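Reading the structure
Here is what each chain is made of, one letter per residue.
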Amino acid sequence: MTLEKELERLSVPAPTGVLDGVVLGTGLSDGFSVFESPLGSVVVAFNPLGVSAVDLFTDGFEVRFSDRFRRRLLEARPPRGWEDLIIQALAEGTPGALPVDFRSVTPFQRQVLEQTASIPRGETRSYGWLASRAGRPKAARAVGQTMARNPVPLVIPCHRVVLSDGRIGHYGLGGAERKRRLLRVEGAIG
C-alpha cells in the first residue's frame, strides 16, 4: 500500500459545522439571520467586516444576495455582541457601533452613506443636501443612485432622504409606501 493510500485511510471528516465556521470566519461566505424591523421580517447578512446587506425576508433573498455581492449565504448567528447592535440599528435606523462592510460601494458612495447615517431619526434631508455634504454639490442624481443601491437599508437610513420639494421619492426596500411608513413611525411626516 502506498503512503498516499495509507493517508487517505487516516482522514476523518471534520465535525458538523466546522466548514461553515471556516468559510464564515474567513469571509468566503456571509452569514445571515432573520430579525424583526418596522417593515416586518428582514434578513441581515454579515461577515467579519460587518453587516453586508439588509433585505426583506421574502422568497429568493439568497439568490438576490449572491447575484449582487457574488458571495453565498449561510444561516448563522451574528458574531458575539452584534445581535443587540443589529436589533438597535434596525429599531433606530442608525448603525451606532455596528460595523458595516462597505466593500460593495465606491468611495463616493461610502461617503454618501456615512453622511446618511448622520441624519437624525424623525428628520429628513434632500439628495442635494447629501451631495453637498459628500463634497459634490451637483451630484444629487448620483446620491439618488447610491440610496437606491444602499446595501444596508434600515441600518443606514436612506428612507430619510427625500426630494428637494419634500416629495418622498423612491425606496429600494419595498417602494415609496414602505418609505412613507418608516417616516411616519419615526415622526418625520404626519
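Turning next to the overall build of the protein chain. Within the protein chain, the regular secondary structure consists of eight helices and six strands. From first element to last, N terminus to C terminus, the protein chain shows the α and β order α-α-β-β-β-α-β-α-α-β-α-α-β-α. Principal-axis analysis of the C-alpha atoms places the extent of the protein chain at approximately 80 × 30 × 30 Å. Scored against the burial criterion, the 190 residues of the protein chain give a buried share of 42%. Summarising the internal contacts of the protein chain: among those between residues at least 6 apart in sequence, 57% fall at separations of at least 24. Accessible area of the protein chain: about 10500 Å², with a carbon and sulfur share of 53%. Computed over 25 positive and 20 negative side-chain charges, the inter-centroid distance for the protein chain is 10 Å.

Turning to helix H3 (residues 61-69), its buried residues number three or more, namely Phe 61, Phe 65 and Phe 69. The buried residues of H3 all sit within an arc of 40° when viewed along its axis, so they share a single face. Summarising the contacts, the buried residues of H3 are in contact with strand S1 (29-37), strand S2 (40-47), strand S3 (50-56) and strand S4 (72-75). The positive-phi residue at the C-terminal boundary of H3 is Arg 70, with phi of around 60°.

With that out of the way, let us pick up the confidence of the model for the protein chain. The predicted coordinates ought not to be read in detail in places where the model reports low pLDDT. Summarising the model, the protein chain shows a mean pLDDT of 90, and 98% of its residues fall at 70 or more. Taken element by element, the predicted model of the protein chain shows its lowest mean pLDDT in helix H2 (residues 18-25) (72) and its highest in strand S5 (residues 125-126) (97).

Here we come to the side chain of His 159. Position of His 159 among the secondary structure elements: in the loop between helix H7 (140-148) and strand S6 (161-162). Within polar-contact distance, the side chain of His 159 engages the side chain of Glu 186 at 2.8 Å. Beyond its immediate stretch of four places on either side in the chain, His 159 contacts Tyr 171, Lys 179, Leu 182, Leu 183 and Glu 186.

The rules behind the values
- Within every chain, residues take consecutive numbers counted from 1 along the sequence as written.
- Residues qualify for local features only when their pLDDT is at least 70, as the model is predicted, and side-chain atom pairs are given and counted only at 80 or more; totals for whole chains, interfaces and linings, by contrast, use all residues.
- Side-chain figures throughout are based on the complete set of non-hydrogen atoms in the structure, without hydrogens or water.
- Counting from the N terminus, the helices are the DSSP runs of H or I reaching at least four residues and the strands are the DSSP runs of E reaching at least two.
- Relative accessibility decides the category of a residue: with a 1.4 Å probe and only protein chains considered, values under 20% of the type maximum give buried, values over 50% give exposed, and everything between is partly exposed.
- Contact between two residues is taken to exist if any of their heavy atoms lie within 4.5 Å; hydrogens are not considered.
- Using a 1.4 Å probe, the Shrake-Rupley method yields the accessible areas, and only the shown protein chains count as cover for residues.
- We treat Lys and Arg as the positive residues and Asp and Glu as the negative residues; His and chain ends play no part in the count.
- Every charge is mapped to an atom, namely NZ of Lys, CZ of Arg, CG of Asp or CD of Glu.
- Taking the helix axis as origin, the arc is that swept by the directions to the C-beta atoms.
- The score called pLDDT rates the predictor's confidence residue by residue, from a low of 0 to a high of 100.
- Nitrogen and oxygen atoms within 3.5 Å of one another constitute a polar contact, given that in protein one can donate a hydrogen and the other can accept it, and given that sequence-neighbouring residues count only through two side-chain atoms.

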